[in-house]
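Examination of the molecular architecture
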Amino acid sequence: MSENEELSGYRGLAFEALKKIEAEIGDLICITKGTQTYEGILIPRSEYGDEAHIVIKLRSGYNIGVQITPETRIEKIGKGEKPAFVAPPLPEQKPALPKVAIISTGGTIASRVDYRTGAVRPALSASDLYSVVPELSNIARIDTQILFSLYSENITPAHWSEMAKAVAAQIANGVDGVVIAHGTDTMGYSAAALSFALQNLPVPVVFVGSQRSSDRPSSDAASNLMAAVLAAAQAPFAEVAVAMHETTSDISIAIHRGTRVRKCHTSRRDAFKSINAQPIARVEGDKILMLTENYQKRDSSKKLLLKPSFSEKVAMIKFYPGINPAVIDWYVDEGCRAIVLEGTGLGHVGRRCFESIRRAVDKGVLVAMASQCVWGRVNMNVYDTGRDLQALGVIPLADMMAETAVVKLMWIFGQTSSLEEAKRLLEMNIAGEIADRTLYN
Amino acid sequence: MPGKSLIERYTIELPTKGDHVRMNYEEIGLKVGLEIHQQLDTSTKLFCSCKPELFKGEPEFTFLRRLRPTQSELGQIDPAAYFEFQKGVRVLYEADSETSCLVEMDEEPPHPLSIEALEIALTAALMMNAKPVDEIHTMRKTVIDGSNTTGFQRTCVVALNGEIKVGGKRVPIQHVSLEEDAARKTGEEGTLIRYRIDRLGIPLIEIATAPVINTPEEAGEVALAIGKILRATGKVRRGLGTIRQDLNISIAGGALTEIKGVQELELIPLVVEYEVQRQLNLIKISRELGQTGAREEDLQEEFYDVTEVFRETQCKVIRKSLDKGQRVLAVKLPKFSGFLGRELMPGIRLGTEMADRARFWGRVGGIFHTDELPAYGITVQEVSMLKKHVDAGEKDAVVFVVDTLENAKDALRAVLERAREALKGVPEETRAANPDGTTRYMRPRPGAARMYPETDIPPIQVTEQLIRKIFASLPEPPEQKLQRLMKDYRLNQKLASQVMDAGVAELFETIVNESKVSPTTVAVFLTETVKALKREGAPVERLSESIIREMFRAVGSGELAKEALQDAASWLLRNEGRSLKEAIDALGLRTLSMDELEEVIDKAIASNKSLIEKSGGKAFSQIMGIVMREVRGRANADLVSEIIRRKLQKLSF
C-alpha cells in the first residue's frame, strides 16, 4: 500500500508516473498510448492490483484499467472535484417515543461505499445509520455512539469488555434499550459474551448486522436495523439478543437469544439460526410477536450487574479423524485454564487423545465436551468412549453450543480462578445457554 | 414552403402506414444513437454456473423482497426511486433450481466473470475494430425497478473506440460492454410486482454507437449491420427476446428521449419516425398553448372532490370504484381544452401521456379528461356538472381520476407536472417501445448513470496472448461471407443476403454439406419458407436447428420430397414434440417408391391415350401436370419429369 493518501493503492511504475505529473485521486487525466487516448477521473487502485495499471473512470461512468509502459504519456488535464458527502438532516426526535442507544462497532451494517473507489468502508457513523433509515424516527429517539470500526473477525474478548461497559453506561443514562451494530462473522460470540457480562438487565440489548452491505438497494441492513430498534424500544424481554432476517424474504426478522445463536451460512440473509432453541421473538413490520414465554422480563427498576472481565486462556479444539493430540498438550503448556472439545456425535473423541486429556485434567485444566453436530445435546453415558471420557474428568456440556461454551469459560475465568467455582458456574444456567429439555422444532 | 416554420411543414398530418410524410431529417436535426443488446450463447450465466435458459410452467420457489433506494455519493436519493419505495412496492421473485442459484437470489456473491462470455464479447469487439481495454473492471449500475435482485446491474466495458461502415458511412462504436441480463417481469398486482429470475445473469453484449445516425432508415441499417456482425461470431442466442435495441433520439428544439426494448429490427425506422413526430407535435403544442395564453402559474395544485357529480353515473368503471368507497378527484388545466385530444403519434395523445404518468406516479388505472367526453357512459350532463363544479371555462380542460384519495392526488400531481412540461415542449424521459412502433412513458431519465465498482469481482487483465488467440480465430466478416456464399454455393445476391440477414449462414452451410440438397432449396427454405410459416402465425422459433437438419437429411436420402418441406415444418410446429417420421406418415408425405411412381404415371398415360395421340410431344406438360397433382410432395418433380419423358418417348416408337 502506498503511504501517499493522494495516490492510494498505487505502487511502482504507475505510482511514479502519477507522482511525476502531480496527479491526485479524483483528478481528470489523459493517457495516450499509441493511437489511443483515454480520458477519465483517476480512481484509487485496489491494494491487490498490480503496479502496471492506472484505473480511470470514463465519462460514461465505467472504470477501466490502462496499462502503463515507458512509452505511455500521461497528462493531468483537470483538478478533481472531491465529491462532498452531505449527510441528510437528522429526522426530528419525537419526545414521546422510547429512547434507544445505537452503539456501532463496525461490520457490513455500519459500512458505506466510497463511490470513487467502490470500497465498502466500515466507517459509517451510527448517526449516518440513523439518517439513511429515517423511519427510525417513528420508532424511537435515537442516541448514537461509535465504539469501534472493526471487521468482526478482529474483535477480541477485550472488545467484549468495552462493549459491555458501553452498554452499561447507556443503561445508566436511562435508555429504554440498546442496539449494537456488529459485523456478522463473530456477532454470535459477542452476543453470548454480553449475555454473561450483563446480568439482571432492565432493558433489551439487541445486536444487529447485515449480510448485504447497505450501499446496495437489496441490503438487509435497514430492515434488520428497524426491527432491532423496535425490539430495543418496545419488546417485553430484557436479554441480549440478535436480530437478523428469518428467511430469504424481506418479511420477518428473527430475534435470537444471545447464547443460542450461530451464524450457519456464509452468505444468506437468514444465516443466523437459534440452536437447540426457538428464537425469542419475531418482528414483522411494526409488530413484535413473542415466540416463547420463557424470557427475562423488561423492568426498568432492575439493577444491572456488570461483570465485564474475560480471560483469553481458554481454547477450543475440534476433533477430527487423525488429529494430533499434541495440540492439547500445547494448549496445556501455554497455560490454558480450560479447553472445549468439539467432539463427534453425542460427545466423543478418539482414544488417541485420552493420554493428553488425562494430562490436561491432571494439570488442573477444565476440559469440557460439546458436539460438532451443532444441533442436539451431548450424552456421554451411551457409549464406552463417552463413559471413559467422563471418567477422565471431561465435563459434558449438555445442549450448550460449543461457541457459547468457549465464551462462557472465558467469562468464568474472568470472574474466578478457582477450578471448582468454574465447574459450578459452567454447569449452571446463567443466560439461557443450557436447558434440560430439547424441544422438537 | 417559404414562410412556414419547420414544425408547421412537418406536422401537417401524421404518417400512416405506406403513406409516410417525407421529411428533411437533416433540417429537423435528427440524431439517433443505438444501444444493441444481444444475449450470448454461452454454456453458463455471466457470474455463476447456472443454465442460461428460461423455464416454463410454475416456479419451484418464490421469495419476496423490497428494494430500498440508496444514497448517492453526495448523500442524495433518487426521488423517483424513493417514491416507488414509499408506495410500498414489493417484488415477488419466481425461480427454479435449474436456472437459478444463490447468486441470482442475491444470497451469494457473484463468481468470477465467465471467460467464455468475455471471449465472445472480445471477438465481436475486434470485428468492429474496437480496442480492448487493458484491464476490465466490473461496475454496478443502479436499477431499482426490481428487475435485478441486487438493485443494480453488473456491467463492464471490454473495448472502446470501434468503428463500422454502413453504406459507406463511418459509424463510431463508443463502447462494447458485457453485462448481465435482467429478470423478466411476469406480472403486477397493485404494489406487488412479479419477476422471474431465470433470465437474470444471462450474458449480454452491449454495443453503443455514437449519435451519428440522421434518418430512420439509417437507424435500421446500422442495427442490421451490427446484428450481422454479432451473428457472425456464431455465439449469440437467437429467437424472440434475445436481441433488444435501445434508441436515443433527439431533434433540434426537442429533447433526448431514450426508448427501451425495441425487439424487432424492422420496427426501428418506424420507432424513430414516430418519435420525431411526437417531438414535433409537442413543440407545436407548446407554442400553441403559449398563444392561447396557458401559463405555468395557472396550473395550480388544486384538487376538487367531484364524487357527488358521479353519484348516479352509468359509467361502469367509475361505478365499480365508487362502490369500493373510492373517490373521484379532479383538476383543472386552464386553456388546455382541445390539446389533450391532440394526437402525437398514432393512437397516442397528449392525454395518453398524462395517463401514463398518472399510472406510474399514482398507480391508478387511468384518467378521464374532458377532451374525450362524453363517452364511456359519462353523460353530457355529468360533464357540464363537472365543469361547473371545478369552475372550468370553455377553454379549460378538466382531468379526473377515480381511486383512493392518496393515489388520486399522486396521479393528478403527475398530470399537472406533465401539463407544465407541455408548456415547455418535450420532456426528457425514458420510454418503452410498443409492438406497433409507438412508445409509452416508462420513467424519468435517470441522472448521470450512477455506477460504482463491483468489488466482489476482481479486475481481469486482457493479455496480448488472449487478443492474439481471438484474432487468430476471428470469424469471416459478413461482407466477405456474402461473397463466398454467392460464389461457393451459386446463390444469387438476393438469396445470399437473405441467408445472411436471417442469421442462418452457418446452418445453411452445415445443411448443404451434410445433405447434398441443392443450396438454393436450402436457402429458400431457411428464408422465404420460414417467413411464410411465420406469416401464417406458426411459432417458427420452435423450429430447432436439429429438426431442420433432419428434414434436409431426409430430403437428401429421398425419404421426403423437397416440395413437402413446408408442409412437414408446418405440421411439426402444430404438433410439438412429435417426430419427423410421424409428420411424414400423418401427411402422407412418404416418398413413392419407383414402382409406385411408375404405376401412377402409367395410369395417367393410359387414361389420356387419345390426348397423347393427338398432340404428340406437346402432351408432356399436360401429363406432367396430371401426375404432379397426384404425387406432389411424395415424389421429386425432376424424377417425375424424367420418367414421363422416357415413357412418352417409348410410346412414340
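Positions within a chain are numbered from 1, following the residues in the order the chain's sequence is written. To label them, take the chains in the order written and letter them from A, then take the ligands in the order written and number them from 1. Predicted model: local features are reported for residues with pLDDT of at least 70 only, side-chain atom pairs are reported and counted for 80 or more only, and whole-chain, interface and lining totals are derived from all residues. Computation of side-chain values: all heavy atoms of the structure, hydrogens and water removed.

As for the pattern of salt bridges
Residues and elements named next belong to chain A. Criterion for a salt bridge: a side-chain nitrogen of Lys or Arg within 4 Å of a carboxyl oxygen of Asp or Glu. In total, this model carries 87 salt bridges over all chains according to the counting rule given. A salt bridge links aspartate 50 to arginine 45, with the nearest nitrogen and oxygen atoms 2.9 Å apart. For arginine 45, a relative accessible area of 6% translates into the label buried. Residue glutamate 239 is joined to arginine 257 by a salt bridge in which the shortest nitrogen-to-oxygen separation is 2.7 Å. Summary of the burial criterion: residues with accessible area below 20% of their type's maximum are buried, those above 50% are exposed, and those between are partly exposed, where the area comes from a 1.4 Å probe applied to protein chains only.

Overview of the interface of chain A and chain B
Chain A puts 49 residues into the contact, and the matching count from chain B is 51 residues. In short, buried area is how much 1.4 Å probe accessible area vanishes from two parts on joining, totalled over both. Buried area between chain A and chain B, summed over both chains or domains, comes out near 4,000 Å², and the portion from carbon and sulfur atoms is 50%. Linking chain A to chain B there are nine salt bridges. Polar contact criterion, stated in full: a pair of N or O atoms within 3.5 Å, where within protein one must be able to donate a hydrogen and the other to accept it, and residues adjacent in sequence count only if both atoms are side-chain atoms. On the surface where chain A and chain B come into contact, there are 23 residue pairs in polar contact (both at pLDDT 80 or more). Each residue belonging to the side of chain A that touches chain B can be placed in one class, and the counts come to 21 nonpolar, 16 polar and twelve charged. Contacts between residues were defined by any pair of non-hydrogen atoms, one from each residue, lying within 4.5 Å. Under the convention adopted here, Pro, Cys and the residues Ala, Val, Leu, Ile, Met, Phe, Trp and Tyr are nonpolar, Asp, Glu, Lys and Arg are charged, and Gly plus all remaining residues are polar.

Things to note about the sheet that holds strand 1 (residues 28-33) of chain A
Ordered by their spatial adjacency, seven strands build an open sheet running 5(A)-1(A)-2(A)-3(A)-4(A)-5(B)-23(B), and the pairing between neighbours is antiparallel. This sheet does not close on itself; its edge strands, each paired only once, are strand 5 (73-78) of chain A together with strand 23 (460-461) of chain B. Two strands are said to pair when DSSP picks up at least two bridges between them. Every helix listed is a DSSP run of H or I at least four residues long, and every strand listed is a run of E at least two residues long, numbered separately from the N terminus. Here six bridges tie strand 1 of chain A to strand 2 (residues 36-43) of chain A, and the two strands are oriented antiparallel to one another. Bridge pairing links isoleucine 31 of chain A to tyrosine 38 of chain A in strand 2 of chain A. Along the sheet face, helix 1 (residues 12-20) of chain A touches strand 1, strand 2, strand 3 (53-57) and strand 5 of chain A and points at about 55 degrees away from the line of strand 3 of chain A. To get an axis, fit a line to the C-alpha atoms, keeping to the stretch in contact for a helix; angles then go from 0 to 180 degrees between the N-to-C directions.

Section: the packing of aromatic side chains
In this analysis, rings of Phe, Tyr and Trp, with Trp reduced to its six-membered ring, are considered paired at centre separations within 6.5 Å, and the interplanar angle assigns stacked below 30 degrees, edge-to-face beyond 60, and tilted for intermediate values. Following the criterion strictly, the structure yields 13 aromatic pairs over all chains and no others. Arranged with centres 5.1 Å apart and planes meeting at 75 degrees, the rings of tryptophan 330 of chain A and tyrosine 331 of chain A form a pair that is edge-to-face. The partly exposed category is assigned to tyrosine 331 of chain A, whose relative accessible area is 25%. These aromatic residues form a ring-pair network of at least three members: Phe310, Phe368, Tyr376 and Phe400 of chain B. Sitting above the plane of the tyrosine 295 of chain A ring, lysine 297 of chain A keeps its charged end 4.3 Å from the centroid. Over the ring of phenylalanine 620 of chain B we find arginine 645 of chain B, and its NZ or CZ is 4.1 Å from the ring centre. Counted as over-ring charges are cases with an Arg CZ or a Lys NZ within 6 Å of the ring centre that also lie within 35 degrees of the ring normal.

Examining the side chain of threonine 439 of chain B
All names here are of chain B. For threonine 439, the position within the fold is in strand 21 (residues 439-444). Judged by its relative accessible area of 1%, threonine 439 is buried. A polar side-chain atom of threonine 439 sits 2.8 Å from a polar atom in the side chain of arginine 431. Once residues lying within four places of it in the same chain are set aside, the contact partners of threonine 439 are Ile259, Val271, Glu275, Met345, Ile348, Arg431, Ala432, Ala433 and Asn434.

With respect to the pairing of strand 13 (residues 240-245) of chain A
All names here are of chain A. Counting buried positions along strand 13 yields six of six residues, so the element is predominantly enclosed. With four bridges joining them, strand 12 (residues 205-208) and strand 13 adopt parallel strand pairing. Note on strand 13: the bridge partner recorded for valine 206 is alanine 241. Once the chain exits strand 12 it traverses helix 5 (residues 221-234) before rejoining the sheet at strand 13, and the crossover so formed is left-handed. Inspection of the sheet shows strand 13 paired to strand 14 (residues 253-257) by five bridges, in the antiparallel sense. When the bridges of strand 14 are listed, alanine 241 appears paired with arginine 257. By definition, the crossover connecting two strands over a helix is right-handed if that path, from the first strand to the second, turns clockwise as seen with the strands pointing away from the viewer.

Here we look at the packing of helix 8 (residues 350-362) of chain B against helix 10 (residues 405-424) of chain B
Residue and element names in this part refer to chain B. Two elements in contact, helix 8 and helix 10, have axes whose closest approach is 8 Å; the angle formed by their N-to-C orientations is 140 degrees. Taken as axis vectors, helix 8 and helix 10 run oblique relative to one another. Handedness of the helix 8/helix 10 crossing: right-handed. Taken together, the residues of helix 10 that come into contact with helix 8 (itself represented by Leu350, Glu353, Met354, Arg357, Ala358, Trp361 and Gly362) are Asn407, Asp410, Ala411, Ala414, Val415, Arg418, Ala419, Glu421 and Ala422. Split by residue class, the contact of helix 8 with helix 10 holds nine nonpolar, two polar and five charged. Any angle that is under 35 degrees is reported as roughly parallel, and any over 145 degrees as roughly antiparallel; angles of 65 to 115 degrees are reported as roughly perpendicular and all others as oblique. Whether a crossing is left-handed or right-handed is set by the direction in which the near helix is turned from the far one by less than a right angle, anticlockwise for left-handed and clockwise for right-handed.

Some remarks on helix 10 (residues 419-427) of chain A
Residue and element names in this part refer to chain A. Buried residues of helix 10: Ala422, Leu425 and Leu426, and no others. Seen along its axis, helix 10 keeps its buried residues to an arc of 100 degrees; they face one direction. Counted as exposed and oriented over 90 degrees from the buried face of helix 10: Glu420 and Glu427. Each element contacted by the buried residues of helix 10 is listed here: strand 22 (366-371), strand 23 (395-396) and helix 9 (402-415). This arc describes the spread of directions from the helix axis toward the C-beta atoms.

Regarding the side chain of glutamate 454 of chain B
Residues and elements named next belong to chain B. Its location among the elements puts glutamate 454 in the loop between strand 22 (451-453) and strand 23. You can call glutamate 454 buried: its relative accessible area is 2%. Among the polar contacts made by the side chain of glutamate 454, one reaches the side chain of arginine 154 at a distance of 2.6 Å. Discounting residues that sit within four places of it in the chain, glutamate 454 has contacts with Pro110, Thr138, Met139, Arg140, Phe152 and Arg154.

What about the domain arrangement of chain B?
All names here are of chain B. Domain delimitation follows an automatic or database domain assignment. Domain annotation for chain B reports domain 1 (24-256), domain 2 (294-425), domain 3 (476-586) and domain 4 (594-652). Distance from the C-alpha centre of domain 1 to the C-alpha centre of domain 2: 36 Å. Summed over both partners, the interface of domain 1 with domain 2 buries about 610 Å², with 52% contributed by carbon and sulfur atoms. Joining domain 1 to domain 2, the criterion identifies one salt bridge.

Focus on unusual backbone geometry
With omega at 5 degrees, the peptide bond leading from leucine 373 of chain B into proline 374 of chain B counts as cis. Structurally, the position occupied by proline 374 of chain B is in the loop between strand 18 (368-369) and helix 9 (380-389). Residue asparagine 200 of chain A is not a glycine yet carries a positive backbone phi of 55 degrees. Positioned with a positive phi, arginine 363 of chain B is a non-glycine residue whose angle comes to about 55 degrees. You can see arginine 363 of chain B is positioned in the loop between helix 8 and strand 18.

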